[in-house]
Amino acid sequence: MRDLKRNHRTFYYATVTGTEPIYDEYGNDTLETRTIYGAPLTLRANVSANIGEEAVELFGSQTEYSRTVTMVNCPLTEGDKVWFDVDPMGEHNYIVAKVADSKNGFLVALREVSQHG
């Protein structure tokens, strides 16, 4: 019942495509890397209004997250950017914290990130 099409909401996500080294102003490698993301893609799934007890037990008490997404087929992985109720051409407002799979589907924990304005 959780994956009824009428409960689905549209949001956007961008997956991690790789990393690149970060160089300082002199061209020296800082030994740090920057994550590279693909273009935002559209996805429809059931997005919760807020967290609940069932999700807290599933992800453990140490995982910080704001919303959960329930879906049958999950293209999301930990670290992906998510735009929910915001323009996908702007800053993302969520990041995938955890993905839990089961026999009948996936439950994804989204952590809200601060907007850089």
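Shown above is the structure to which this text applies.
These notes cover the structure that comes with them. The shown structure was predicted, so the numbers you read here are calculated from the model rather than taken from an experiment.

### Section: the packing of aromatic side chains
Reasoning step 1: Under the definition given, this model contains two aromatic pairs.
Reasoning step 2: Plain terms: the ring middles of Phe 11 and Phe 84 are 6.5 Å apart, the flat faces sit at 70° to each other, and that makes the pair edge-to-face. Of the two residues, Phe 11 is situated in strand β1 (residues 9–14) and Phe 84 in the loop between β6 (81–83) and β7 (94–101); the sequence distance between them amounts to 73 residues. Pair check on accessibility: Phe 11 and Phe 84 agree, each one buried.
Reasoning step 3: Taken together, Phe 11, Phe 84 and Tyr 94 form an aromatic cluster joined through their ring pairs.

### Observations concerning the pairing of strand β2 (residues 16–23)
On a regular strand, one side chain projects to one face of the sheet and the next to the other, so that they alternate.
Reasoning step 1: Bridge analysis of β2 against strand β3 (residues 29–37) gives six bridges, and the strand direction is antiparallel. Paired with Tyr 23 across the bridge in β3 is Asp 29.
Reasoning step 2: In this antiparallel pair of consecutive strands, β2 and β3, the connection spans five residues, and Gly 27 shows a positive phi of 90°.

### What about the pattern of salt bridges?
Reasoning step 1: Under the definition given, this model contains two salt bridges.
Reasoning step 2: Here Arg 9 and Asp 85 are joined by a salt bridge, their closest N and O atoms 3.6 Å apart. A residue pair is termed long-range when its members are at least 10 positions apart, and Arg 9 in strand β1 and Asp 85 in the loop between β6 and β7 qualify at 76 residues.
Reasoning step 3: On the basis of relative accessible area, Arg 9 is assigned to the partly exposed category, the value being 34%.
Reasoning step 4: Take Asp 85: its relative accessible area is 60%, and that puts it in the exposed class.
Reasoning step 5: In this structure, Arg 34 engages Glu 20 in a salt bridge whose closest nitrogen and oxygen atoms are separated by 3.1 Å.

### As for the pairing of strand β8 (residues 106–112)
Reasoning step 1: Bridge analysis of strand β5 (residues 67–71) against β8 gives five bridges, and the strand direction is antiparallel. Bridge pairing in β8 places Thr 68 opposite Ala 109.
Reasoning step 2: Between β7 and β8, which pair antiparallel in sequence order, lie four residues.

### Quick word on unusual backbone geometry
Reasoning step 1: Even without a glycine there, the phi angle at Leu 31 is positive, about 65°.
Reasoning step 2: Note on Leu 31: relative accessible area 76%, which makes it exposed.
Reasoning step 3: Its identity is not glycine, yet Asp 85 carries a phi of approximately 60°, on the positive side.

Definitions and limits used
The written sequence of each chain sets the order in which its residues are numbered from 1. In keeping with the model being predicted, local features are shown solely for residues with a pLDDT of at least 70 and side-chain atom pairs are shown and tallied solely at 80 or more, while totals for entire chains, interfaces and linings include all residues. By convention in this description, side-chain values take in all heavy atoms of the structure and omit both hydrogens and water. Paired rings are identified among Phe, Tyr and Trp, the last through its six-membered ring, by centres lying within 6.5 Å, and are further divided according to the angle between planes into stacked (under 30 degrees), edge-to-face (over 60) and tilted (the rest). Starting at the N terminus, helices and strands are each numbered in turn, a helix being any DSSP run of H or I of at least four residues and a strand any DSSP run of E of at least two. Using a 1.4 Å probe on the protein chains alone, a residue whose accessible area is under 20% of its type maximum counts as buried, one over 50% counts as exposed, and one in between counts as partly exposed. Between any two strands, pairing holds if DSSP finds at least two bridges. In the sections that follow, a salt bridge refers to a side-chain nitrogen of Lys or Arg positioned within 4 Å of a carboxyl oxygen of Asp or Glu.

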